[in-house]
Structures are given as structure tokens and as C-alpha cells.
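The residues making up each chain are set out below.
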Amino acid sequence: MKAKRELRIASRASKLARIQAQLVGQAVEKQFSNLNITYIPVITTGDRSAEMGNLPPKNKDDFVKEIEKLLLEDEADLAVHSLKDVPSNTPDGLAVHTVLQREDPRDVLVGQANVFCLDPSAKIGTSSPRRRALLNFRFKSNHVAHIRGNVDTRLRKLDRDEYDAILLAAAGLHRMNLRDRIDAYLDPSSFVPAPCQGTLAVQFKHDDAQLAATIAPLQHSRVEAAARCEREIILALNADCTSPIGVYCEDLDVEYALHAIVLNSDGTETLELRTYDHDTIRLASNTASSLIAMGVDELLHT
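What you are looking at is a predicted structure, and each value in this text was computed from that prediction instead of being measured.

## As for the overall build of the protein
Within the protein, the regular secondary structure consists of ten helices and 13 strands. Relative to the globule expectation of 19 Å for 302 residues, the C-alpha radius of gyration of the protein, 19 Å, shows essentially globular dimensions. Viewed in the frame of its principal axes, the protein has a C-alpha envelope of about 65 × 45 × 30 Å. Counting all 302 residues of the protein, 52% fall into the buried class. A fraction of 69% describes how many contacts in the protein between residues 6 or more apart in sequence connect residues 24 or more apart. Of the charged side chains in the protein, 36 are positive and 43 negative; the average position of the first set lies 4 Å away from that of the second.

Right, dumping it as C-alpha cells:
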């Protein structure tokens, strides 16, 4: 009998991250039965900072660098990430590819049934500069409070009445079978999601042809195209996870609709574009060029 090939999948150690790693692992197993999959949970620098209640890490790679180190040192074969947590620039030697279909990219409100009826003084928890700025810009919410921790931790804080409501990503609650906690979905045409929110990605050594063939059946060209579009805009704007930017490339089957919004830190000024094209590379290039011409750099630094 032929021995099973080992596949070591690394991810962050949170419940959501482990669920996402298992989703990918199960999808691989459906295609290839000769694999012995093991999961490696990793507590990253960003996770430690979050659980201690510190301010958000200044560098997005705080959530992935320890995992990438395992790949580069051959202590793991494959990493599974939420793509929105992966920096646009990744280490030499590693490839990043989207896998599976994109989950619901929208933000959701938990704790209150209607964001339009929120009292301006309601204490709303989020750690996202984008969500904070959008809340003020769209709804004039002036009591947005910092919140840290994984999904379970944030929900516990809400249940202890430390906040009147919190904002989370629909994708995480869906994957954790916590849809019943969602009180309202926010319209992505006005409350524009984070780039690649809801998209899963895998990372592995770029010259590993066998692993590339293994994950190929999990890839979808239009998911990859939309994700590449959103990430290219962030890269062109020299933005990062602390930038109050929403970018959503919506797949309309025949073409893509790109909605981008850039705000200053308190949400009092904004640049916003909505464009259409069937070519996501051109869509990203034209959108980034337009935002730069409109003065996006000045806005991001006010």
C-alpha cells in the first residue's frame, strides 16, 4: 500500500483561523485522498498584542511573519490566511493564491438591529480605522471605541455590556456558525468592505510544483482576479492596515464593479469612486491613478 503524503497546514491559533485552515484541508482531501493532513496553530505577534488589549499592530505582517518563517524553514508546507491580513508585499520565495469561493464580504452590526437608528453617543466597538472613519462619515457616530481580541473575545465583551454594539466581518461569523449573532448587514455600496474581506488564501514556497498542483482545484479565476484588483490598489496607494480605505471588486459575471473609498482618520473628508470594467488589471490601475490624481496621499496624511 502506498504511504500517504504528509501535508502540514499552518494558521493562526484563533478558533476562526483554525476553522478556515480546516475548510481548506477538507477541500484538499476531497480532491486527493492520499494525504495525511496535520494542522499547526501559531500564536503570532499580532495575536499576542490583541489579546493583551494593546493598540493594533502598525505592521500587518505581525499576523503572518511567524507563519511565513515556518514555511521558509520547511516546518510547514502550506499556510492558510484571511487574505485581508496578508501584506501586499510578501517574502521572496513564497507564493500567495486565493482558494475557495469568497465568503460574504460585508461588515455586520452585532448588538443593535439598525445602524441608522443608533444613538450618536452609542458605544460602538471596532479596532478598524476604516470602520471607525466610515461610522463617522455615514452615520455621524461620535463614540466609536477601541476593541481588541478575536471574535469570541469581542462577543463576550459585548455580552458583558462593555459596548452597545460591535462591528465584525460577516465572513468570520458565517464560518464560525454564528449567523444568529448578526443583527444587521451593512450595504457594501455605502459601507465599503476592507480589501479582500471574506477571501481565503494559501501561501507556500513558489517553486513547490507538487503543492501548486494540489491546490489548483481549489482556485477560482474570478475570485483571484477580484482579489488581485483590490490588493493592487492598496499597493499602488502605498497603504497598509492602518489606512482608512475600503475597496470592493464585485463580480457581476460579465464585468466587475469596483467601489473604492478613502477617508481621513476621523471620517470628515473622503474620496470615493465607483467604476466598471471586465479587465481587473485595468480597473485597478485606472482607479489607483484617479485616486492619486485626486489627492489621496494628502487625504491619508490628514
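## What to know about the environment of Leu-100
Considering the arrangement of structural elements, one finds Leu-100 in the loop between β4 (94–99) and β5 (107–110). Separated by 99 residues in the primary sequence, Leu-100 and Thr-199 place their C-alpha atoms 8.0 Å from one another. If we skip the residues at most four places from it in the chain, Leu-100 touches Leu-23, Val-24, Ala-27, Leu-200, Leu-218, His-220 and Val-223.

## Considering the pattern of salt bridges
Evaluation of the coordinates by the stated rule reveals 14 salt bridges. Arg-102 is paired through a salt bridge with Glu-230; the nearest N and O atoms lie 3.0 Å apart. With a gap of 128 residues between them, Arg-102 in the loop between β4 and β5 and Glu-230 in helix α8 (residues 221–236) connect regions that are remote in the sequence. Given the relative accessible area of 21%, Arg-102 is considered partly exposed.

## Structural notes on the environment of Val-24
Here Val-24 is to be found in helix α1 (residues 15–31). Taking the C-alpha atoms as reference, Val-24 lies 7.7 Å from Val-99; in sequence the two are 75 residues apart. Ignoring any residue separated from it by four or fewer positions in sequence, one finds Val-24 in contact with Leu-78, Val-80, Val-99, Leu-100, Leu-200, Val-202 and Leu-218.

## Description of the sheet that holds strand β9 (residues 184–185)
Pairing between the strands of a sheet is mediated by backbone hydrogen bonds and can be parallel or antiparallel. Strand order in the open sheet formed by five strands is β7-β6-β8-β5-β9, and the pairing between neighbours is mixed. With one partner strand each, in any of the chains shown, β7 (144–145) and β9 form the two edges of the open sheet. Sitting on the sheet, helix α4 (residues 129–139) is in contact with β5, β6 (124–125), β7 and β8 (165–169), with an inclination near 125 degrees to β8.

## Some remarks on α4
Those residues of α4 not exposed but buried are Arg-130, Arg-131, Ala-133, Leu-134, Leu-135, Asn-136 and Phe-139. With a side-chain oxygen lying 3.2 Å from the backbone nitrogen of Arg-130, the N-terminal cap of α4 falls on Ser-128. Taken from the residues just after α4, Lys-140 is the one with a positive phi, measuring 55 degrees.

Calculation rules
Residues numbered from 1 in each chain as written. Predicted model: local features only at pLDDT ≥ 70, side-chain atom pairs only at ≥ 80, totals over all residues. Heavy atoms only, no water. Helix = DSSP H or I, 4+ residues; strand = E, 2+ residues; numbered from the N terminus. Rg over C-alpha atoms; globule rule 2.2 N^0.38 Å. Buried < 20%, exposed > 50% of the residue type's maximum accessible area, 1.4 Å probe, protein only. Contact = heavy atoms within 4.5 Å. Lys, Arg positive; Asp, Glu negative; His and termini not counted. Charge placed at Lys NZ, Arg CZ, Asp CG, Glu CD. Salt bridge = Lys/Arg side-chain N within 4 Å of Asp/Glu carboxyl O. Pairing = 2+ DSSP bridges. Axes fitted to C-alpha atoms, helices over the stretch in contact; angles between N-to-C directions. Polar contact = N/O pair within 3.5 Å; in protein donor to acceptor, adjacent residues only side chain to side chain.

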